[in-house]
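Residue strings, one per chain:
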Amino acid sequence: MNRSVIPALFVVLITALPLCAAETAVVPRPASVETPDGKAFEFNDNTSLRIIAPDDSMSATLADCVSSVFPGHEISGKRSKNQIELRVNLGEYTPEAYDLTVGKDRILIEASDGAGLFYGLQTVRQLADNGFGRIPNMQISDAPRFPYRGVMIDVSRNFRDKNFIKKQIDAMSRLKLNRLHLHLTDGAGWRIQIDKYPRLTEYAAWRQGETWKQWNGRYCERTDSGAHGGFYTKEDLRDIIKYAADRFITVIPEIEMPAHSEEVLAAYPELSCTGEPFKHSDFCIGNEKTFEFLQDIIDEVIEIFPSEYIHIGGDEASKQAWKSCPKCQKRMIDEGLEDVDGLQSYFVHRIEQYLNSKGRALIGWDEIMEGGLAPNATVLSWRGPQHGIRAAESGHNAVMAPGRFCYFDGYQDVPHTQPEAIGGYLPISLVYSFDPAPDSLSVETRNNIKGVEATMFTEYIATDEHAEYMLYPRMLALAEVAWTPQALRDYDDFRERALMFNDRLISEGYHAFDLHKEIGNRKEALAPVDHLARGKRVIYNDCEWSWKYPAAGASTFTDGLRGGWIYTDGRWQGFYNGDTDRALDVTVDMDEPTDITYVGADFIQLCPPNVWFPEKVIISYSNDGENFTTLTTITTNLLRDNKVAFRNFSWAGNVRARYIRYQAYNRWRFVFTDEIVIR
Ligand code: ACM
C-alpha cells in the first residue's frame with residue numbers, strides 16, 4: 001500500500017471510526033456486496049498492483065489511473081502475493097461496471113473498460129481507508145444506475161481557479177461521478193479564451209468588484225487597476241480536461257446563448273437587437289452575424305473540449321427585444337414563425353445543426369423545448385422533473401437537475417446558522433430522496449432519462465471554502481442517487497456512510513459542511529400534526545393562493561403537513577394582497593357543530609423577498625356558514641428584519657361551531673401559512 005497516503009489517513013481516522021460498521025461502508029453504495037467467511041486482505045509495505053490488459057496502450061492508461069488513486073505505488077508485471085490485480089475482460093461487463101473479489105492474498109478487479117477498473121479501485125480505496133488497511137473477504141458486483149452522473153460549477157458569477165476545479169474532480173472521481181459541467185459564460189463574466197474574439201477575455205471577463213454581490217453590472221479592462229475576474233486559457237482547459245479524463249470524467253463546456261449574454265453584448269454590442277451595450281441579455285436572432293459569431297466560438301470550443309455534449313444554455317431568454325426588432329421580426333416572417341418562442345426554437349435548431357455537423361450533440365436547459373425541441377437535443381431539466389419527463393416521453397434524452405433536489409446554492413441547514421445562500425432549503429436528505437426515473441414512468445421514458453446533475457450557481461458563493469461547503473456532503477447524496485439502484489437506497493444507512501466519507505474529506509482539507517452538526521428541518525415540519533380539522537374541507541372566500549406558491553392546493557390547510565424553514569418548500573401556501581384589503585380568507589367546514597378550544601396558524605416571514613407576517617388576523621365562527629361572530633382580532637406592528645422568522649396567530653377559549661373562518665391581511669405583501677390547526 002502506498003506508504004505516504006494510507007498511514008496518514010489511519011492517524012486521522014483511527015479515533016473516528018467504529019471498525020465493524022466501517023468495513024463495508026462505501027459511497028455510493030455498490031449494487032451487490034457479499035461477505036463470505038474467509039481471511040481478510042491486509043495491506044503491507046510490499047503490496048503491489050498488477051495490470052492485465054489486452055494491449056499496451058490500455059495498460060498505460062490503467063497505470064495512470066492506478067497512480068491517481070494510489071499515487072507512488074509500485075506496479076508490477078508479475079503475479080505475487082499480496083497484490084491488487086486489475087484485469088480487463090473485454091465484452092463481459094456493461095460500461096463502467098466491475099467485479100471486485102477480495103481474498104487473503106489478492107484483490108481482483110475485473111471490468112470491460114478502464115472506467116470499471118478505476119471505480120473498482122476507488123471502492124478498494126474506500127474499503128482500505130475504512131478498515132485501516134484491512135479489507136474483509138468480500139465479493140462486490142457493481143454497476144451504475146445512470147450513465148450520466150454530473151456536477152455543474154458556475155465559474156462565471158465568481159471565478160474559481162484551475163486548482164480548485166482539479167480538487168473537486170478528485171472528489172467527484174472518488175464518488176464515481178463522471179460529468180463535470182462548467183458554466184463558463186454568463187452576464188457576470190466570460191471565462192474561456194477565444195482567439196478570434198479577444199474582447200471577451202480582455203474586457204468581458206473583468207469587473208470592478210471582487211464578488212458578484214459587489215459588482216455594479218459593468219465590465220472593465222483586464223489592465224485596469226482593481227480589475228477582478230479571470231478566465232481559463234486554452235492550455236488551462238486542456239490541462240483540466242486531461243486531469244478529468246484520467247479520472248474518467250468528461251468536462252462539458254456551457255456557452256450561454258441566446259440569453260444570459262450581457263457580457264458578450266457589452267463587448268460586441270452589434271450582436272444585440274438595438275446595438276446598445278448594457279441593454280440586452282439576448283442575442284439578436286435576426287442578425288446573421290450572431291450565427292457567424294457563435295459558430296466561430298463553437299469551433300474554438302470544440303477544438304478544446306472533446307466532449308460529445310456541448311451545453312448551449314438556452315435558459316431564461318427575455319425575448320422582449322425580439323418582439324420589436326425589425327431583423328428578428330423579418331426572420332419570423334421569413335421562417336413562418338408564430339411567436340418569439342418559435343424564434344428561440346429556430347435558433348436552437350440552427351445551433352444544433354451546426355454542432356451535429358461537427359459530430360457533437362446539443363444539451364441545454366429545459367427552455368430549449370419552448371417553441372419545439374431540436375431533433376437530437378438533450379434536455380437538462382432544472383425547473384422541475386416534468387420538463388425532462390416530457391422530453392423523455394417524446395423520445396429525447398434527458399438529464400435531471402430539478403432545483404428542488406439538485407441546486408446546491410440553497411441552504412443545507414437552518415438558514416440563520418448557514419453562510420449566505422440564494423434561498424431555498426436543500427438538506428442532504430432531500431437530495432437523497434430524489435428519484436430521477438421513478439417506476440411510475442414507462443420503461444421507454446425511464447431509458448431516455450440518462451442521469452442526474454447537481455448544479456452550483458455561485459451568485460452568493462465567492463470563495464473556494466464557501467463553494468466546497470455547498471458541495472459537500474450533498475455531492476455524496478447526489479452520487480448515490482446517480483449510481484445506486486433505487487431499491488437499495490436507504491437514507492439512514494447512507495447517512496452513516498456519508499458521515500465517515502465527509503469526515504475524511506474534512507481531514508483532507510475539503511471545507512465541507514460538518515454533517516455531525518446538522519440541526520435539520522423546523523421541528524414542526526418533521527411529523528404531521530393531528531387536530532380536529534384534519535381532512536376537512538376548506539372554502540376559499542373570494543381569495544386565491546398565488547399560482548407560484550400553491551403548496552397542496554385546497555387541501556394545504558388541513559393536510560396536517562407543516563412548513564419548514566423556507567416558504568418555497570411546497571408546504572407553505574402564499575397569498576399576495578396587492579392593494580386590496582383581503583388576502584387570505586378561508587373557512588374550514590367541520591361538517592357538524594364541534595366543541596372548539598383553539599384555532600391557530602403559523603406564518604413565516606422573510607422580508608427581503610416581501611414575505612411578511614400578517615398585520616391583522618381575524619378569527620371567527622359560524623353555525624350557518626353565513627353569519628360569523630368574531631372570536632379574536634389580532635393586529636401587529638411589523639418591523640423589517642432580514643432573518644427568517646415564524647409566528648403563531650391564534651385564539652383560545654370555548655365555542656361550539658361548525659364553521660371557522662380565518663382571515664389574514666397585509667397590503668402589498670405576501671403572507672404564507674401552512675395549516676389551520678383546530679382543537
Ligand atoms: C438556471 O438555473 N437558470 C438554469
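Remember, it's a predicted structure, so these values are computed and weren't measured experimentally.

Overview of the overall build of the protein
Next, step 1: Along the protein, the regular secondary structure elements total 20 helices and 28 strands.
Next, step 2: Over its C-alpha trace the protein gives a radius of gyration of 28 Å, about what one expects of a compact globule, namely 26 Å for 679 residues.
Next, step 3: With the principal axes as the frame, the protein shows a C-alpha extent of 90 × 70 × 50 Å.
Next, step 4: Classification of the 679 residues of the protein by burial places 59% in the buried group.
Next, step 5: Partitioning the intrachain contacts of the protein with sequence separation of at least 6 by distance along the chain shows that 73% fall at a separation of at least 24.
Next, step 6: The protein carries 73 positive and 97 negative side-chain charges, and their two centres are separated by 2 Å.

Quick look at the pattern of salt bridges
Next, step 1: Going through the model one piece at a time under the given rule, you end up with 54 salt bridges.
Next, step 2: Between Arg446 and Asp439 there is a salt bridge; the shortest N-O distance is 3.5 Å.
Next, step 3: Taking relative accessible area as the criterion, Arg446 reaches 26% and is therefore assigned partly exposed.
Next, step 4: A residue is classified by how much of its surface remains accessible, and Asp439, at 65% relative accessible area, is exposed.
Next, step 5: Close ionic contact of Arg497 with Glu480 constitutes a salt bridge, the shortest N to O distance being 2.9 Å. One end of the pair, Arg497, is in helix 19 (residues 491-507); the other, Glu480, is in helix 18 (residues 474-483), with 17 residues separating them in the sequence. Here the two residues Arg497 and Glu480 agree in accessibility, since each one is buried.
Next, step 6: Through salt bridges with shared partners, a single ionic network connects Arg522, Lys523, Glu524, Arg562, Asp602 and Asp674.

Observations concerning helix 7 (residues 234-245)
Next, step 1: In this model helix 7 runs 16 Å from its N-terminal to its C-terminal C-alpha over 12 residues, within 8% of the 16 Å that 1.5 Å per residue would give.
Next, step 2: Buried within helix 7 are the following residues: Lys234, Asp236, Leu237, Ile240, Ile241, Tyr243 and Ala244.
Next, step 3: Taken together, the buried residues of helix 7 touch helix 5 (162-174), strand 15 (250-257) and helix 9 (288-304).

Points about the nonpolar core
Next, step 1: Counting residues in hydrophobic clusters, the biggest one holds 140 residues, and the most contacted among them are Ile192, Leu200, Phe293 and Ile351.
Next, step 2: Ile192 has contacts with Leu184, Thr185, Thr201, Phe231, Tyr232, Leu237, Ile255, Val301, Ile304 and Phe305, leaving out every residue within four places of it along the chain.

Some details on the sheet that holds strand 4 (residues 83-88)
Next, step 1: An order of 1-8-5-6-4-3 is seen for the six strands of this open sheet, with the pairing classed as mixed. With one partner strand each, in any of the chains shown, strand 1 (32-34) and strand 3 (48-52) form the two edges of the open sheet. For this sheet, the mean angle separating the axes of adjacent strands, direction not counted, is 10 degrees.
Next, step 2: Against the sheet, helix 3 (residues 56-69) contacts strand 3 and strand 4, and its axis sits at roughly 150 degrees relative to strand 3.

Comments concerning the sheet that holds strand 10 (residues 179-183)
Next, step 1: Strands sit in the order 9-10-15-16-17-18-19-20 around a closed barrel of eight strands; the barrel is parallel. On average, adjacent strands in this sheet sit at an angle of 30 degrees to one another, irrespective of strand direction.
Next, step 2: Summarising the sheet, strand 9 (residues 148-154) and strand 10 pair through five bridges and their orientation is parallel. Counted as the bridge partner of Met152 is His181 from strand 10.
Next, step 3: Of the strands in this sheet, strand 15 and strand 16 (309-313) are in contact with helix 9, which crosses strand 15 at around 170 degrees.

Some words on the confidence of the model for the protein
Next, step 1: Within the protein, residue pLDDT values average 94, and 96% of them lie at 70 or more.
Next, step 2: Looking across the protein, the model is least confident in helix 1 (residues 5-13), with a mean pLDDT of 37, and most confident in strand 10, with 99.
Next, step 3: Below pLDDT 50 for its whole length, residues 1-20 participates in 33 contacts with residues either more than four positions away or in separate chains.

Regarding unusual backbone geometry
Next, step 1: With an omega of -5 degrees, the peptide bond running from Val27 to Pro28 counts as cis.
Next, step 2: Of note, Pro28 is situated in the loop between helix 2 (19-22) and strand 1.
Next, step 3: Residues Tyr472 and Pro473 are joined by a peptide bond in cis, for which omega reads 5 degrees.
Next, step 4: With respect to the helices and strands, the residue Pro473 is situated in the loop between helix 17 (464-471) and helix 18.
Next, step 5: With a phi close to 50 degrees, Ala551 is a non-glycine residue in the positive phi region.
Next, step 6: Residue position: Ala551 is located in the loop between strand 21 (537-540) and strand 22 (573-576).
Next, step 7: Here Ala551 falls in the partly exposed class, since its relative accessible area comes to 24%.
Next, step 8: Positioned with a positive phi, Asn610 is a non-glycine residue whose angle comes to about 75 degrees.
Next, step 9: Looking at where Asn610 falls in the secondary structure, it is placed in the loop between strand 23 (584-605) and strand 24 (616-622).
Next, step 10: A relative accessible area of 25% means that Asn610 is categorised as partly exposed.

A few points about the environment of Glu300
Next, step 1: Relative to the helices and strands, Glu300 is located in helix 9.
Next, step 2: With relative accessibility at 13%, the residue Glu300 sits in the buried group.
Next, step 3: Residues Glu300 and Asp195, 105 residues apart in the sequence, show an inter-C-alpha distance of 7.9 Å.
Next, step 4: Excluding its chain neighbours within four sequence positions, the residues that come into contact with Glu300 are Gln193, Ile194, Asp195, Lys196 and Lys234.
Next, step 5: At 3.0 Å, the side chain of Glu300 forms a polar contact with the backbone nitrogen of Lys196.

Section: the packing of aromatic side chains
Next, step 1: A complete count under the given rule lists 40 aromatic pairs for this structure.
Next, step 2: Ring plane angle 45 degrees and centroid distance 5.7 Å describe the contact between Phe291 and Phe347, whose orientation is recorded as tilted. Here Phe291 is found in helix 9, whereas its partner Phe347 is found in helix 12 (residues 340-357), with 56 residues between them in sequence. Across the pair, exposure class does not vary: Phe291 and Phe347 are buried alike.
Next, step 3: Lying over the aromatic face of Phe291, Arg350 brings its terminal NZ or CZ to 3.8 Å of the ring centre.
Next, step 4: Sitting over the face of the ring of Tyr665, Lys616 holds its NZ or CZ atom 5.1 Å from the ring centroid.

Structural notes on the environment of Val155
Next, step 1: Locating Val155 in the fold gives a position in the loop between strand 9 and helix 5.
Next, step 2: Along the backbone, Val155 and Ile297 are 142 residues apart, and their C-alpha atoms lie at a distance of 18 Å.
Next, step 3: Contacts of Val155, omitting those with residues within four sequence positions, involve Arg160, Ile165, His183, Leu184, Arg191 and Tyr232.

Conventions used here
- Residues numbered from 1 in each chain as written.
- Predicted model: local features only at pLDDT ≥ 70, side-chain atom pairs only at ≥ 80, totals over all residues.
- Heavy atoms only, no water.
- Helix = DSSP H or I, 4+ residues; strand = E, 2+ residues; numbered from the N terminus.
- Rg over C-alpha atoms; globule rule 2.2 N^0.38 Å.
- Buried < 20%, exposed > 50% of the residue type's maximum accessible area, 1.4 Å probe, protein only.
- Contact = heavy atoms within 4.5 Å.
- Lys, Arg positive; Asp, Glu negative; His and termini not counted.
- Charge placed at Lys NZ, Arg CZ, Asp CG, Glu CD.
- Salt bridge = Lys/Arg side-chain N within 4 Å of Asp/Glu carboxyl O.
- Expected span 1.5 Å × (residues − 1).
- Core = buried A, V, L, I, M, F, W, Y, C linked by side-chain atoms within 4.5 Å.
- Pairing = 2+ DSSP bridges.
- Axes fitted to C-alpha atoms, helices over the stretch in contact; angles between N-to-C directions.
- pLDDT = per-residue confidence, 0-100.
- Polar contact = N/O pair within 3.5 Å; in protein donor to acceptor, adjacent residues only side chain to side chain.
- Phe/Tyr/Trp six-rings, centres within 6.5 Å; stacked < 30°, edge-to-face > 60°.
- Lys NZ or Arg CZ within 6 Å of the ring centre and 35° of its normal.

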